Amino acid sequence: MLDIVTAMGWNYVSTLASEGNYGESGVEAFVQISRESGGVCIAQSLKILREPRPGEFDKIVLRMLETPNARAVIMFANEDDIRRILDAAKRHNLTGHFLWVGSDSWGSKISPVVQQEQVAEGAVTILPKRTSVDAFDRYFKSRSLSNNRRNVWFAEFWEENFGCKLGMHGKRPGLPKKCTGLEKVGRESTYEQEGKVQFVMDAVYAMAHALHHMHRELCAGYPGLCPRMANIDGKELLAHIRAVSFNGSAESQVIFNENGDAPGRYDIFQYQINNRSQAEYKVIGHWTDQLRLNMEALQWLTDDSSLPASVCSLPCRTGERKKVVKGVPCCWHCERCEGYHFQSSEFTCELCPYEKRPDQNRTSCQQIPIIKLEWHSPWALVPVFISVLGIITTTFIIVTFVRYNDTPIVRASGREMSYVLLTGIFLCYIITFPMIAAPDVVVCSFRRIFLGLGMCFSYAALLTKTNRIHRIFEQGKKAVTAPRFISPASQLVITFSLISVQLLGIIVWFAADPPHTFVDYGEQRTQDPRNARGVLKCDISDLSLICSLGYSILLMVTCTVYAIKTRSVPETFNEAKPIGFTMYTTCIIWLAFIPIFFGTAQSAEKLYIQTTTLTISMNLSASVALGMLYVPKVYVIIFHPELNVQKRKRSFKAVVTAATMSSRLSHKASDRPNGEAKTELCENVDPNSPAAKPKYVSYNDVVI
């Protein structure tokens, strides 16, 4: 019966027993075996009293309804109790709710289900496997009142079987006809062999075989009972009974196990109503040591072909674990494995490794997708577009300067420093591409090298220029001698000395921590694992980025300070003002960059925002310098060549004297037109002065 329940998938059942040895011991055995197997839980164990009170069966049915999920009812009850339980279920309109599993006391009997066919439909019952013994049929049919006098109950059977009475002292008075004694069993009455005849015969033969073996062992050929068998020890006889083995009346082997039980051989029936509305017990399987059940032969009250359920809790869905109710192993609550947990077993959820996330069913872990900034992304297209325009413009300006290398405007711009500055601007545009490219060792190396190098080139050159202008005019206030280190060669040495500091830092960085890539799974580790992404990155932390750009920003700030100091240079020395405007704008750009870059550190779009912000900031810095310092010159060179002519040369001392006098007369400039101030300034310079004899430089050369 437990195998049947298990095969049906019913793990939550109630038991119902008639009071007495058969019913109570049967239920007790079922409960014990189910507890040992661990697969079936008992919702309720109810008992039918020997003398039930009125309404007792209704109460039992209502009690079973208190656990509605326990639809299967295991019954060890007599025929009358079975019938009355079915009747109570019918009265409460519970046809089809309960799934009856009856013991051999129900078997294939008709009496319990008469007029209860609908409510009993689907009941599964068992009956010991039996075979009709033909020899017994021949023997019993030959019995009559004359040849079977030793059976004291045979006369009563005869009256009941043939519906007659035997003389005045018959056992069944009131019957209309008198028995003749010539009636034939099975011919003048219905006859069916009792189902347990086979087992009674085998039991008798088992005892006979046991006595025979005991006699052979104890008496050793002695005829009749020997003295050793005069007083038989029951335990010794029991040992011989358990040891017998012979073919029984149905040609099946009769043996006993260590518990004294014969092998279980059962037919399994289901009470079904066929298409012709006829009810019958249909064999659906057998049990001999193990269950053989024809699941296709099962038929239920509903049209659904699936097995009805009798479970405390429905199976959990994939990705959910069972949280068992304490003391009731068949009942549980389903809890979904949340977050980055997956269902590792029926009862547990485990956390996926850091680089993985649960799959769609949460039954295993899968690798978190790895992303990088793609070229087709809008976050990449904008800086790339600006960078390409900047590279084209810078290349055009460099080509123009090389072509017009000896013209006054190019020479006056300080050709050597201009090429250094244009190189830095070009590198600022170029860095966009390794910043967006898919990280690998080569790309990460380029990022380290060029991230701060382009800015370092630019601001080292601008710092050298502004420092030169400042020193010239500061020197002019004290004396007319030229400051040291203002020649083009000196300026290049100073500029590359400043750049070498950045290069030295890059070399130390490479030596201390060689470039490599890694996948950052924490940056986009969202609460919903489906949105989690690993970001492929170069090993450049925010601190490393600050260190790499810090020196260039220091140069930028220092250059801005000098630009502020030279803001009062006379209008004639007009190179200082474009540099000043360039530095002011650049500082504003980088002041905006810092909160945007570091304020998005916790954003899910951090990769895109920070990369785009950094590259656009560098592109804008380069574009400001390009637009303020070189676009006007190229415009004059190309569209107004008539202005690109040599002005008269003046000595350095004369220019310094003019600058000094200009500074002293600056307070008068506000009261006079600009032209007058310039005229007075120029008139105070003697072109024939001996100071004009040293090296001559152009007016603009000194200013630049």
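Residues numbered from 1 in each chain as written. Predicted model: local features only at pLDDT ≥ 70, side-chain atom pairs only at ≥ 80, totals over all residues. Heavy atoms only, no water.

- The name that an unreviewed UniProt entry assigns to the protein is Glutamate receptor, metabotropic 8, with the source organism given as Nothobranchius korthausae.
- Per UniProt, the comment on the protein under Sequence similarities (unreviewed entry) is "Belongs to the G-protein coupled receptor 3 family."
- Quoted straight from UniProt, the Subcellular location (unreviewed entry) entry for the protein says "Cell membrane". (UniProt positions renumbered as here; feature names shortened; annotations may be inferred.)

Details of the overall build of the protein
- Of regular secondary structure, the protein possesses 23 helices and 21 strands.
- Looking at the protein as a whole, 43% of its 704 residues are labelled buried.
- Here the contacts in the protein between residues at least 6 apart in sequence split such that 65% fall between residues at least 24 apart.
- Carbon and sulfur atoms provide 57% of the accessible area of the protein, an area that totals close to 37800 Å². (Helix = DSSP H or I, 4+ residues; strand = E, 2+ residues; numbered from the N terminus. Buried < 20%, exposed > 50% of the residue type's maximum accessible area, 1.4 Å probe, protein only. Contact = heavy atoms within 4.5 Å. Areas by Shrake-Rupley, 256 points an atom, 1.4 Å probe, with all protein chains shown as cover.)

Examining the pattern of salt bridges
- Under the definition given, this model contains 19 salt bridges.
- Between K372 and E374 there is a salt bridge, with its nearest N and O atoms 3.4 Å apart.
- On the basis of relative accessibility, which here comes to 29%, the residue K372 falls in the partly exposed class.
- Shared partners join several salt bridges into a network, and the residues in it are D80, D81, R83 and R84. (Salt bridge = Lys/Arg side-chain N within 4 Å of Asp/Glu carboxyl O.)

Brief notes about the sheet that holds strand β2 (residues 41-48)
- The eight strands lie next to each other as β2-β1-β3-β4-β5-β8-β9-β10, forming an open sheet whose pairing is mixed. Unpaired on one side and paired on the other, β2 and β10 (290-293) mark the two borders of the sheet. On average, each strand axis in the sheet is inclined to that of its neighbour by 25°, with strand direction left out of account.
- Of the pairings in the sheet, the one linking strand β5 (residues 124-128) to strand β8 (residues 265-273) comprises five bridges and is antiparallel in character. The partner of I126 across the bridge, within β8, is I268.
- Across the sheet, helix α4 (residues 79-91) is in contact with β1 (12-18), β2, β3 (72-76) and β4 (99-102); its angle to β4 comes to roughly 180°. (Pairing = 2+ DSSP bridges. Axes fitted to C-alpha atoms, helices over the stretch in contact; angles between N-to-C directions.)

A short note on the pairing of β3
- Most of β3 is tucked away: five of the five residues are buried.
- Burial along β3 is two-sided: A72, I74 and F76 facing one way and V73 and M75 facing the other are all buried.
- Bridging between β1 and β3 involves five bridges; their strand directions are parallel. Within β3, the residue paired with V13 across the bridge is A72.
- Where β3 lies against β4, four bridges are found, and the strand directions are parallel. Bridging across to β4, V73 finds its partner in W100.
- Since β3 and β4 lie parallel, the crossover through α4 that links them has a hand, and here it is right-handed. (Right-handed = clockwise from strand over helix to strand, strands pointing away.)

So, the sheet that holds strand β17 (residues 370-371)
- What the three strands build is an open sheet, ordered β17-β19-β18; its pairing is mixed. Each edge of the open sheet is held by one strand with a lone partner, namely β17 and β18 (517-524).
- The pairing of β18 with strand β19 (residues 533-538) spans five bridges and is classified as antiparallel. Residue pairing across strands places V519 opposite L536, the latter belonging to β19.

Quick word on the side chain of E320
- Along the chain, E320 turns up in strand β11 (residues 320-325).
- According to the relative accessible area criterion, E320 is buried, its value standing at 9%.
- One polar contact links E320 to R317, side chain to side chain, over a distance of 3.1 Å.
- Setting aside anything within four residues of it in sequence, one finds E320 in contact with C334, E335, R336, C337 and Q343. (Polar contact = N/O pair within 3.5 Å; in protein donor to acceptor, adjacent residues only side chain to side chain.)

Brief notes about the UniProt feature "transmembrane region" (unreviewed entry) in the protein
- Using the residue numbers shown here, the UniProt feature "transmembrane region" (unreviewed entry) corresponds to residues 379-399, 419-439, 445-464, 485-512, 543-564, 576-598 and 618-640.
- Annotation note: span residues 379-399, helix share 100%, strand share 0%, distance between end C-alpha atoms 31 Å.
- As annotated, residues 419-439 comprises 81% helix and 0% strand, and the C-alpha atoms at either end are separated by 31 Å.

Some details on the state of the cysteines
- The final tally for this structure, using the stated rule, is eight disulfides.
- Here C316 is linked by a disulfide to C334, with a sulfur-sulfur distance of 2.0 Å. Judged by the torsion about the S-S bond (-95°), the C316/C334 disulfide is left-handed. Placement of the pair is C316 in the loop between β10 and β11 and C334 in strand β12 (residues 328-336), with a sequence separation of 18 residues.
- For C316, a relative accessible area of 19% corresponds to the buried category.
- Take C334: its relative accessible area is 35%, and that puts it in the partly exposed class.
- Between the sulfur atoms of C444 and its disulfide mate C538 the distance is 2.0 Å. Torsion about the S-S bond of the C444 and C538 cystine: about -90°, corresponding to left-handed handedness. (Disulfide = S-S within 2.5 Å.)

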